[in-house]
Amino acid sequence: MSNVASALRPGTINKLVLRNRIIKTATNEGMAPGGMPGEKLARFHARLAEEGVGMTTVAYCAVTADGRTFADQMYARPEIVPALHRLTSAVHAAGGAASIQLTHCGQFSRNRALRGRGPLGPAFAINQYGLMSGVPFGYALRESEMIEIADAFARTAVLVRDAGFDAVELHYGHGYLLSQFLSPATNRRRDAYGGGIDGRLRFPIDVLRRVREAVGSDFPILAKTNLLDGFRGGLELEDAIVVARRLEAEGIDAIVLSGGFTSRTPFFLMRGETPLRSMIAVERNPLQRLAMRWFGPRVMRSYPFTEMFFLEQARVVRQAVRVPLVLLGGIVSSENIERAMAEGFDFVAMGRALIADPDFVSRMKRGEPVRTRCIQCNRCVAEMDVAGVRCVLDDPPTPVP
Ligand SMILES: Cc1cc2nc3c(=O)[nH]c(=O)nc-3n(C[C@H](O)[C@H](O)[C@H](O)COP(=O)(O)O)c2cc1C
């Protein structure tokens, strides 16, 4: 059987059977005004299911109101359940499965509606991302607060399971809270939750254990992890292997391999052009706009796009664990998918290619060799802050309101 055909065969994550090996990865949709998932979000994911993806991932549901990076992000509470139910029902009606990414931003926050001390993470730090938005510092979590956050992850997993989701994806990457704990650059704690990789893993593993306890052994839990943070002093591949082995030992059901730190190397994870001008154009805060003009070119370094840009590091993790692995990053053609299967990955996840071409899988099923029209201009990133994520090749960029 060709590897393209094998990518179109069912695959399992825990007891969940996906109709094929192609997953739409989480790309913050920007379709939850006021933190409420809307009809547009349901349509976005239903369309992907109608076009044949095995599983679609709803992006970026914060486990608490304080865990939001910005105010318009969906966060867990009973009021969101009916809308999420409509979303999962539409995805199921089209034969797909639905996962949802659970996050806590830690210190990576511009959300001024925070209770108490401000954004909380592993250790005190200047919050460059929130500097111009009145959230200049991040503070160190106390152990009692860490227990509350682990409980919030567990409660949210149960909430979304009850809303019909087939799986949850815990965000261990991209510089959010659990990634801040894993990274030596941000975890400067001197207690049992810091130091070497075993200490830095302690809280992230506590979270997984609490979620597992809450949802039971049969419910699929995925983790999105960093292969590397992408800057000197950050998490490197050697530690990423330890993280993957530990997650496997603790019963994770699949690992999505990514990289990059949104506050420091945002375009390490979305390689291609840096859409700084579009991002400045849609920025509503005038101070932030100014800061982006001055510091943007330095902070938002570009990384040239190459196909399958995490393959080299992901291959090393593939050798180290047996748990299902999901290859991500720059998968743009059916040929790439074929290669991923041949390299021993169980699934592929795709972001921009499926934003540009939601019908990618349908075309593969018709036996065509498929290649996305996405040119990695990354202007979809600016669009998520205007009227919701979409490909600007369809129409010119949305005018800023
Ligand atoms: C518009 C946009 C929004 C994104 N939002 C998220 C997100 O909410 N959570 C996440 O883990 N990754 C997010 N990402 C990163 C993607 O999940 C993925 O890691 C990255 O785009 C590389 O995959 P690709 O080359 O297939 O696009 C986003 C990417 C884009 C383009």
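Residues numbered from 1 in each chain as written. Predicted model: local features only at pLDDT ≥ 70, side-chain atom pairs only at ≥ 80, totals over all residues. Heavy atoms only, no water.

Asker: Is there a simple way to explain unusual backbone geometry in this structure?
Answerer: Trans is the common state for peptide bonds, and a negative phi is the common state for residues other than glycine. The residue Asn 14 is not glycine, and still its phi comes out positive at about 55°. Topologically, Asn 14 is positioned in the loop between strand E1 (11-13) and strand E2 (16-18). One non-glycine residue with positive phi stands out, namely Tyr 60, at about 70°. Accessibility expressed as a relative area gives 7% for Tyr 60, which makes it buried. (Helix = DSSP H or I, 4+ residues; strand = E, 2+ residues; numbered from the N terminus. Buried < 20%, exposed > 50% of the residue type's maximum accessible area, 1.4 Å probe, protein only.)

Asker: Just checking my understanding: could you explain the site of the ligand for this structure?
Answerer: Lining the immediate surroundings of the ligand are 24 residues, of which Ala 26, Asn 28, Lys 224, Gly 330 and Arg 352 lie closest. Taking Arg 352, its side chain carries an N or O atom lying 2.8 Å from an oxygen atom of the ligand. Coverage of the ligand by the protein amounts to 96% of the 610 Å² it exposes when considered alone. Looking at the shell around the ligand, the elements with two or more residues in it are strand E4 (55-62) and helix H14 (379-383). In terms of residue class, the shell around the ligand is built from 12 nonpolar, 10 polar and 2 charged. (Near = heavy atom within 4 Å. Polar contact = N/O pair within 3.5 Å; in protein donor to acceptor, adjacent residues only side chain to side chain. Areas by Shrake-Rupley, 256 points an atom, 1.4 Å probe, with all protein chains shown as cover. Nonpolar A, V, L, I, M, F, W, Y, C, P; charged D, E, K, R; others polar.)

Asker: Teacher, can you tell me more about the packing of aromatic side chains here?
Answerer: A ring pair, where both rings are aromatic, is described by two values, the distance of the centres and the angle of the planes. Taken as a whole and judged by the stated rule, the model has 11 aromatic pairs. With centroids separated by 5.4 Å and ring planes inclined at 80°, the aromatic side chains of Tyr 60 and Tyr 176 adopt a geometry described as edge-to-face. Highlighted residues: Tyr 60 in strand E4 and Tyr 176 in the loop between strand E9 (167-172) and helix H5 (177-182), separated in sequence by 116 residues. For the pair formed by Tyr 60 and Tyr 176, the shared burial category is buried. A centroid spacing of 4.9 Å and a plane angle of 50° characterise the contact between Phe 181 and Phe 203, whose relative ring orientation is tilted. Taken together, the residues Phe 181 in helix H5 and Phe 203 in helix H6 (residues 197-215) connect sequence positions 22 residues apart. The same class applies to Phe 181 as to Phe 203, namely buried. An aromatic cluster is built from Phe 268, Tyr 303, Phe 305, Phe 309 and Phe 310, whose rings are joined through pairwise contacts. Positioned above the aromatic ring of Phe 347 is the side chain of Arg 21, whose terminal nitrogen or guanidinium carbon lies 5.7 Å from the ring centre. (Phe/Tyr/Trp six-rings, centres within 6.5 Å; stacked < 30°, edge-to-face > 60°. Lys NZ or Arg CZ within 6 Å of the ring centre and 35° of its normal.)

Asker: Where do I start with the pattern of salt bridges in this structure?
Answerer: Any two side chains of opposite charge can pair if their charged atoms end up close together. Here the structure, examined in full by the defined rule, presents 24 salt bridges. The partner of Glu 213 in a salt bridge is Arg 210, with the nearest N and O atoms 2.8 Å apart. With Glu 213 and Arg 210 both in helix H6 and 3 residues apart, the pair spans about one turn of that helix. Between Arg 363 and Glu 368 there is a salt bridge, with its nearest N and O atoms 3.7 Å apart. With a relative accessible area of 18%, Arg 363 lands in the buried category. Residues joined in a network through salt bridges with shared partners are Asp 357, Asp 359, Arg 363, Arg 366, Glu 368, Arg 373 and Asp 394. (Salt bridge = Lys/Arg side-chain N within 4 Å of Asp/Glu carboxyl O.)

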